[in-house]
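The residues making up each chain are set out below.
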Amino acid sequence: MSEGIGASVKRKEDQRFITGKGRYTDDIARPGQTWGYFLRSPHAHAKITAIDTARAQKAPGVLGVFTGQDVADDQVGNLICGWNITGKDGEGMKMGPHPILAQGKVRYVGDHVAIVVAQTYNQAKDAAELIDVTYDVLAPVVDTATAHQSGQPLVHEEIPNNLSFAWELGDKDQTEAAFSSAAHVTTISLSNNRLIPNAMEPRAALGDYDSGTGDFTLYTTSQNPHVARLVISAFVGIAPEHKLKVVAPDVGGGFGSKIFIYSEEVACLWASKKVGRPVKWTGERTESFVSDAHGRDHVTTAELAVDGDNKITGLRVKTVANLGAYMSTFSSAIPTYLYATLLSGQYNIPAIYAEVDAVYTTTAPVDAYRGAGRPEATFVVERLVEVAARELKMDPVDFRRKNFVTEFPHQTPVIMQYDTGDYQKSMDRALEMADYAGFAKRAKESEAKGRRRGIGLSCYIEACGIAPSAAVGSLGAGVGLYESAKIRFNPTGNVMVYTGSHSHGQGHETTFAQLISTHLGVPVDQVEIVHGDTDKVPFGMGTYGSRSLAVGGSAIVKAAEKVIDKGRKVAAHLLEASEEDIVFDAGQFSVKGTDRTKSIQEIAFAAYVPHNYPEGLEPGLEESAFYDPLNFTFPAGTQVCEVEVDPDTGRVTIEKFTAVDDFGNLINPMIVEGQVHGGIVQGVGQAMLENCVYDESGQLITGSYMDYCLPRADDVPSFGVDMTITPCTHNPLGVKGCGEAGAIAAPAAVINAVTHALGLPHMDMPATPQNVWRALQAA
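How each quantity is defined
Residues numbered from 1 in each chain as written. Predicted model: local features only at pLDDT ≥ 70, side-chain atom pairs only at ≥ 80, totals over all residues. Heavy atoms only, no water. Helix = DSSP H or I, 4+ residues; strand = E, 2+ residues; numbered from the N terminus. Rg over C-alpha atoms; globule rule 2.2 N^0.38 Å. Buried < 20%, exposed > 50% of the residue type's maximum accessible area, 1.4 Å probe, protein only. Areas by Shrake-Rupley, 256 points an atom, 1.4 Å probe, with all protein chains shown as cover. Lys, Arg positive; Asp, Glu negative; His and termini not counted. Charge placed at Lys NZ, Arg CZ, Asp CG, Glu CD. Salt bridge = Lys/Arg side-chain N within 4 Å of Asp/Glu carboxyl O. Axes fitted to C-alpha atoms, helices over the stretch in contact; angles between N-to-C directions. Left-handed = near helix turned anticlockwise from the far one by under 90°. Contact = heavy atoms within 4.5 Å. Nonpolar A, V, L, I, M, F, W, Y, C, P; charged D, E, K, R; others polar. Pairing = 2+ DSSP bridges. Core = buried A, V, L, I, M, F, W, Y, C linked by side-chain atoms within 4.5 Å. Phe/Tyr/Trp six-rings, centres within 6.5 Å; stacked < 30°, edge-to-face > 60°. Lys NZ or Arg CZ within 6 Å of the ring centre and 35° of its normal.

Mind showing me how you'd approach the overall build of the chain here?
A count of helices and strands for the chain gives 19 helices and 28 strands. In terms of C-alpha radius of gyration, the chain reaches 27 Å, essentially the compact-globule figure of 28 Å for 779 residues. Seen along its three principal axes, the alpha-carbon backbone of the chain occupies a region of about 85 × 70 × 50 Å. Expressed as a percentage of the 779 residues in the chain, the buried residues total 62%. Carbon and sulfur atoms form 49% of the exposed surface of the chain, whose accessible area is close to 27,800 Å². Across the chain, the centroid of the 66 positively charged side chains sits 2 Å from that of the 93 negatively charged ones.

As structure tokens, this is what we get:
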């Protein structure tokens, strides 16, 4: 059908969003609703010696003021990290307690000290200023690279050297042998700058306790409401799982930062029972800067071994990864199994050895942010490859081409097995679109104007649709990573699709409807997608890691196959034929070799009005399915960035940016291209503008848009985007995932271009005018 798989159907959900009819958490109001406001620590590291809430309790409109002692008295559990990492010493990771309100100590600026509940938001905010807290200020720990060195202040007293775990992956001896026999070794030291997620919608939560039934309802900005319910019930202990409903309505952007379970949503639930009324909190943008989980923040030394034929023989990486003050929900997995497992990139590297030290600092927690480990890995690999090519006096294109993986499936030395791909084809197409051959002419034109021009590539690969449950379980994951779907035909023939996945702007309501249109022959406008309510949809794992189509879409396809199987039984009865002779195509059941047919809508009506119905078959047309993926999917591609630099000011202008990606089969090419555009802009933001900075006292000095610069329209050119296709071999749709690719590849492409223009081996992100100018002066 023209609106099914492969069609650039306009997004169904956009009508309500662009007309202001979306329903976000902050739009929800419950009868008797109150407001919560959090008093946050002004210090990066301090003991709490006393808290006096008497004046705040008496303030106008205040219904309650609660501290960590109240949390402890009610035996509310701590927040958890859901992925256990075993270090190279054989011991599990060391995790400091993370109470929802600080108990005895604060560990970063923005840490939660108390919650005030009042009739209005402003009353709660005013009352919070009346809380008297006495702090004994301690020395902070801010620097990632040195946080685990002897003599540093301890973020958690029970964790020596602020080291959660020291982890390794790969064959150390084989890698050492590769370096011992190498003809050339390239070494780089780099940092992956810390980022602050900035979704359009700040985080928000509304806790509602029903004293009549003992039921709790949490409305929240979540990418995975079922996981939130599981953690809050089973681990934090707010309520039994069957007494807790989590609803994630429209969510205005997540990028990973809304996967995690935060103090605010738990505190609002708990406080709603304490005051006997619903409690809402909506974060101000300044709160988002200090309290949302940050991203990246790695310090790395990496080495590449090359033989006399310029073939890569080994890769060695040592990374220090910042966890912040507390371990967040999936923070331990980001610098380990989502990072080191991708260090082979697109290249055939026989030996890889990676070490990761995960450290605590007195900064906001660090967890997944768009790409989550994959951007960090790509930046290491693509900077190494670029620098090695320059040192070897080779064109970086030729060096990459010489070392590409060309045969599939390909087993890397760091767990992953790539099922399919054609890296040469993607790069060739990107070079053609970027007019790589004409670069020298453009460089001379820039030189004539007193400018410097550079061009850089980034050949990335990522792992999407985290999988399978048994495999990730053996690696420490605390949950399975399947997805669920339920398809329900109504008697009149329209379709309800219930998915455990969740949309926060990716267009799922359209693409999932396109799957139904193709597989069941129902028009897109007769398909309704339901998600985000744990009481309505089957248990699912939510949206992150570009898994929605590869895993969630595959579950929908599996449920559709069950619907067809049942429909075939009904059709065989109505058409007076054997079930084996019934074929289904484009929404029609027909008897093979005849013109006798029944539409799927007619079959649905017969299933709900079973006057003439097969004996022994249950009425209704509704089927569920769970899909547990067999492997990760491996999107890959090439991005080419061309820049011009003004050496007098350090200003970098992106003159041209090209991206050619292999996402497998495309459900909606228009939506895919939009995802690529958005990802590139975020990647360019990291490379050129964004940088989260704490000063020596642990104060966040990039705590607003005055200091933390996001890319604007005039910071990027129009992008040249194209696709190559090698279908994934192990999911029924042949899809791979597209949501993170731009953010994964763009930083390396930009920095490769900038360093090429400057004639420098390396510079750290972001390439702001000031940093570029300083790098030129130093050179």
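Which parts of the structure should I look at to understand the pattern of salt bridges?
Opposite charge on two side chains allows them to pair when their charged atoms are near. Applying the stated criterion across every chain, the model contains 47 salt bridges. A salt bridge links Lys 274 to Asp 74; the shortest N-O distance between them is 3.0 Å. Of the two residues, Lys 274 sits in helix H7 (residues 263-275) while Asp 74 sits in the loop between helix H3 (68-73) and strand E4 (105-106), which places them 200 residues apart along the sequence. When its relative accessible area of 38% is taken as the criterion, Lys 274 is described as partly exposed.

How should I be thinking about the packing of helix H9 (residues 374-391) against helix H10 (residues 396-403) in this particular structure?
Any two packed helices are characterised by the angle at which their axes cross and by the distance between the axes. Two elements in contact, H9 and H10, have axes separated by 8 Å at closest approach and are oriented at 115°. Seen along the crossing, H9 lies across H10 with a hand that is right-handed. Along its contact with H9, which presents Glu 382, Val 385, Glu 386, Ala 388 and Ala 389, the element H10 presents Pro 396, Phe 399 and Arg 400. In terms of residue class, the contact of H9 with H10 is built from five nonpolar, no polar and three charged.

Can you help me understand unusual backbone geometry in this one?
A negative phi holds for most residues other than glycine; trans holds for most peptide bonds. Across the junction of Phe 408 and Pro 409, the peptide omega takes the value -5°, indicating a cis bond. Looking at the element boundaries, Pro 409 is found in the loop between H10 and strand E16 (410-411). Here Met 765 and Pro 766 are connected by a cis peptide whose omega angle stands at -5°. Relative to the helices and strands, Pro 766 resides in the loop between helix H18 (741-758) and helix H19 (769-778). Even without being glycine, Asn 161 reaches a positive phi, approximately 60°.

Please clarify how the sheet that holds strand E21 (residues 527-530) should be interpreted in this entry.
Sheet strands line up and pair through hydrogen bonds in the backbone, either parallel or antiparallel. The strand order across the open sheet formed by four strands is E21-E20-E19-E25, and the pairing between neighbours is mixed. Either end of the sheet is taken by a strand with one partner, and the two such strands are E21 and strand E25 (622-627). Across the sheet, the axes of successive neighbouring strands diverge by a mean angle of 15°, strand direction being ignored. As judged from the five bridges shared by strand E19 (residues 483-489) and strand E20 (residues 495-499), these two strands associate in the antiparallel manner. What sits directly across from Ile 487, in E20, is Val 497. Across the sheet, helix H14 (residues 508-520) is in contact with E19, E20 and E21; its angle to E21 comes to roughly 130°. Sitting on the sheet, helix H15 (residues 548-574) is in contact with E19, E20 and E25, with an inclination near 145° to E25.

Explain the nonpolar core to me, please; I cannot follow it from the model alone.
Soluble globular proteins tend to pack their nonpolar side chains together in the buried interior. The biggest cluster of nonpolar side chains holds 162 residues, and the ones touching the most others in it are Ile 238, Leu 343, Phe 399 and Phe 657. For Phe 399, the contacting residues outside a window of four places in its chain are Leu 304, Val 306, Asn 310, Ile 312, Val 385, Ala 388, Ala 389, Leu 392 and Met 394. Residues Val 527, Ala 559, Ile 600 and Tyr 613 belong to the second largest nonpolar core, which totals 43 residues.

Can you walk me through the sheet that holds strand E9 (residues 204-210) in this structure?
In space, the seven strands of this open sheet follow the order E3-E5-E1-E12-E9-E10-E11, with mixed pairing throughout. Here the strands that pair on one side only, and so sit at the sheet edges, are strand E3 (62-67) and strand E11 (244-247). Strand-to-strand, the axes of this sheet are offset by a mean angle of 20°, without reference to chain direction. Bridging between strand E1 (residues 34-40) and strand E5 (residues 112-118) involves six bridges; their strand directions are antiparallel. Bridge assignment links Arg 40 to a residue of E5, and that residue is His 112. Running over the sheet, helix H6 (residues 225-236) touches strand E10 (215-220) and E11 and is turned about 145° from E11.

Explain the packing of aromatic side chains here, please?
Pairs of aromatic rings are described using the distance from one ring centre to the other and the angle between the two planes. This structure, assessed with the given rule, holds 21 aromatic pairs. Within the aromatic cluster, the residues linked to one another by ring pairs are Tyr 347, Phe 404, Phe 408 and Tyr 423. Directly above the ring of Tyr 262 sits Arg 203, whose terminal nitrogen or CZ lies 3.6 Å from the centroid. Here the basic side chain of Arg 316 rests over the ring of Phe 179, its NZ or CZ set 3.9 Å away from the ring centre.

What should I look at first to understand the pairing of E1 in this one?
Successive residues of a regular strand alternate their side chains across the two faces of the sheet. Counting buried positions along E1 yields seven of seven residues, so the element is predominantly enclosed. Sheet topology places E1 next to strand E12 (residues 279-282); two bridges connect them, and they run parallel. Following the sheet pairing, Thr 34 is matched in E12 by Val 279.

For this particular structure, what's the right way to read the packing of H14 against H15?
Close contact between H14 and H15 brings their axes to 10 Å; oriented N to C, the two are set at 35°. By crossing handedness, the relation of H14 to H15 is classed as right-handed. Only Ser 548, Leu 549, Gly 553, Ile 556, Val 557, Ala 560, Val 563 and Ile 564 of H15 make contact with H14, whose side of the interface consists of His 508, Phe 512, Leu 515, Ile 516, His 519 and Leu 520. Within the contact of H14 with H15, the residues separate by chemical class into 10 nonpolar, four polar and no charged.

Just checking my understanding: could you explain H6 for this structure?
Residues lying three or four places apart along an α-helix face the same way, a consequence of the helix completing one turn every 3.6 residues. Most of H6 sits inside the fold, with nine of its 12 residues counted as buried. Taken residue by residue, H6 has Pro 225, His 226, Val 227, Ala 228, Arg 229, Val 231, Ile 232, Ser 233 and Val 236 as its buried positions. Tucked inside the fold, the buried residues of H6 contact E10, E11 and H7. Looking one or two residues past H6, Gly 237 carries a phi angle of roughly 80°, positive in sign.

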